[in-house]
Amino acid sequence: MANTAIQMTGVGDVDNNVSRTPVSTRMSFSSPRRGATVSFHNINYSVKMKSGFMCKRKVTQKNILIELKFLDVLAARKDPAGLSGEVLIDGAPQPPNFKCLSGYVVQDDVVMGTLTVRENLRFSAALRLPKSIRQREKDEKVERLIQELGLSKVADSRVGTQLIRGVSGGERKRTSIGMELIFDPSVLFLDEPTTGLDASTANSVLMLLKRMANSGRTIILSIHQPRYSIYRLFDSLTLLLGGRLVYHGPAQDALDYFSEIGYICEPHNNPADFFLDVINGESTAVALNKLYDIEELDQEQLSSSLKGIEDRLVEEYKTSASNKQTKSELERIIQGKDYSKRPKSRTITYSTSFCHQFNWVLRRTFRDLMLNPQTSLVQIGVMIFLALVVGAIFFGVKDNMSGIQNRMGALFFITSNQCFSSMSSAELFITERKLFVHEYISGYYRVSVYFLSKVLSDILTLRTIPAIIFSCVVYWMIGLKASAEAFFIFLFSIILVSYTATSMTLAISADQTVVGIANIVINMIFVFMMIFSGLLVNLPSVADWLNWLKYLSIPRYGLVAVEINEFIGLTLCDTRNTSGLEMQVCTTGEEFLSEQGIHYSTWGLWQNHLALGIMTLIFLIIAYLKLRFIKKFT
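Residues numbered from 1 in each chain as written. Predicted model: local features only at pLDDT ≥ 70, side-chain atom pairs only at ≥ 80, totals over all residues. Heavy atoms only, no water.

1. A short note on the UniProt feature "transmembrane region" (unreviewed entry) in the chain
Residues annotated in UniProt with the feature "transmembrane region" (unreviewed entry) correspond here to residues 377–397, 460–480, 486–508, 520–539 and 609–627. Spanning residues 486–508, this segment combines 100% helix with 0% strand, and its end C-alpha atoms are found 33 Å apart. Helix and strand shares over residues 609–627 are 100% and 0% respectively, and the end C-alpha atoms of the span are 27 Å apart. (UniProt positions renumbered as here; feature names shortened; annotations may be inferred. Helix = DSSP H or I, 4+ residues; strand = E, 2+ residues; numbered from the N terminus.)

Below is the structure:
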């Protein structure tokens, strides 16, 4: 017989504490395969809550679960700090890499929306199945899964994003389930799989899960207030209130149990809704039994009343026959076994090598960029338009004194523009945060693989190509030094400025969750860098205690490099009328650079590129470390 545990969760507020109300069920079906038995023993989970500021900050400990269970705890996706108790798989402790061996479907359906259903499933198969399985066999498994999930008609349709119309909500949910079923896990967890679905679609998804349970797979899920047609699929029920157990036993006996302790379900009422009302103190059964007259209580008395209901429900269950039976079964599972040496750490294991992961993740990332016009074609179009505008404003600079001002203005704008245009990379890691965290802790790929893939794709498509197009247009329209060597040095300098600014943006935004906050910080930093770039203020005249800030300015290094490249060998002459006589006054580019405090030697030029390269490397390391150590537990 296949024993399948399904956990359903609703949300209620008890005395200003949000309590998730799990309802777990068990369905048994005849099958040659037997699902894994998941048991949990004396689970306690607490978190540290911080309040106040600086020296007055207080740290308090809040109990979330008290001798109970919770979906993320069972799936080994909760921060192990503050967690105690045992979660056993077939009577044995969870392996350290259990979250990589079990399937977990998150509530928000984190799949790549620009890819088709088949492409998403092939991606999961490529990274979660070992390389010993040939690609043809993986593709055959994908096709079988598409058939089983009823996705044949939409297999080649994009899943969909905010800008791309995709498949329906139910088809998207089934795609998420397929991503986890591809490696045939013995245990499948689902977090509220009916969220955002209409009643009919939700029912079809749960019927799909029932068929999978019938095939001998253990399924544990949470769900918010299921309709009766869904609720009746289950025959075992667990209710939690304020982190404590108030009922666990056969679902068909639950109504009788609550009736015995004074809570009677009205005719035609959905049992799931009734249970939530009872544990939250909102059931009409409370008023009918005259335990509390809610309408006549003030807020303080109401809180006390709800606390009294909670305590009563907990105590009633502790003395019930269902509780005694559950404890007896748990004691049977752990009888004669010592779990003192259970694994203390949680690790992530991978089915494929670094190179294999890098190949697939990089291909997916490039394809995602190409299918997102707002991040590729639009940016190139904006760059071309901006280059034409700048080229028209500074068109055909002259070799005179006004030419100095025009050249400086153009070069300053070009380098500053490269910095500010890199702000679009702030969302590189933020928009895919949930997708990355889910795939990483599920064992799809290493952090380094994801980091390198995202950085390379962004640099090549959104930084290098636009910078080349921009430079080719603006350089010759302005009429800068007409030599191949000077052009390629200019191009190299502009691209390097773009790389450095992008890497700084990534370093700042890698651990952020809101793009707007990251953009504010980055924009402020670039403004300060622009002040110390060398045009708005004469740097040699700046006080010593502030002058060191110029070494942190990205646009300064770029501006100095293109200034040296442009002004060396340049002679600028003006005709001036002095006492009725016309005189030609000339100055060299080297003299102008000296007035600006710029060393125009060969080393003076290339040291700027070296500085930008070092800054790029440092920022990328910071970005990687932030990504590596961001919070990945719920």
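2. Concerning the pattern of salt bridges
Counted under the stated rule, the structure contains 17 salt bridges. Close ionic contact of Arg122 with Asp139 constitutes a salt bridge, the shortest N to O distance being 3.0 Å. Placement of the pair is Arg122 in helix H3 (residues 117–128) and Asp139 in helix H4 (residues 135–148), with a sequence separation of 17 residues. Residue classification places Arg122 among the partly exposed positions, given a relative accessible area of 26%. The class for Asp139 is partly exposed, based on a relative accessible area of 25%. Close ionic contact of Asp399 with Arg407 constitutes a salt bridge, the shortest N to O distance being 2.8 Å. (Salt bridge = Lys/Arg side-chain N within 4 Å of Asp/Glu carboxyl O. Buried < 20%, exposed > 50% of the residue type's maximum accessible area, 1.4 Å probe, protein only.)

3. Structural notes on unusual backbone geometry
At Asp109, a residue that is not glycine, the phi angle is positive and equals roughly 50 degrees. Position of Asp109 among the secondary structure elements: in the loop between strand S7 (103–105) and H3. Assessed through its relative accessible area of 9%, Asp109 is described here as buried. Of note, His268 is a non-glycine position whose phi angle comes to about 70 degrees, a positive value. By the secondary structure assignment, His268 is in the loop between helix H8 (254–260) and helix H9 (271–279).

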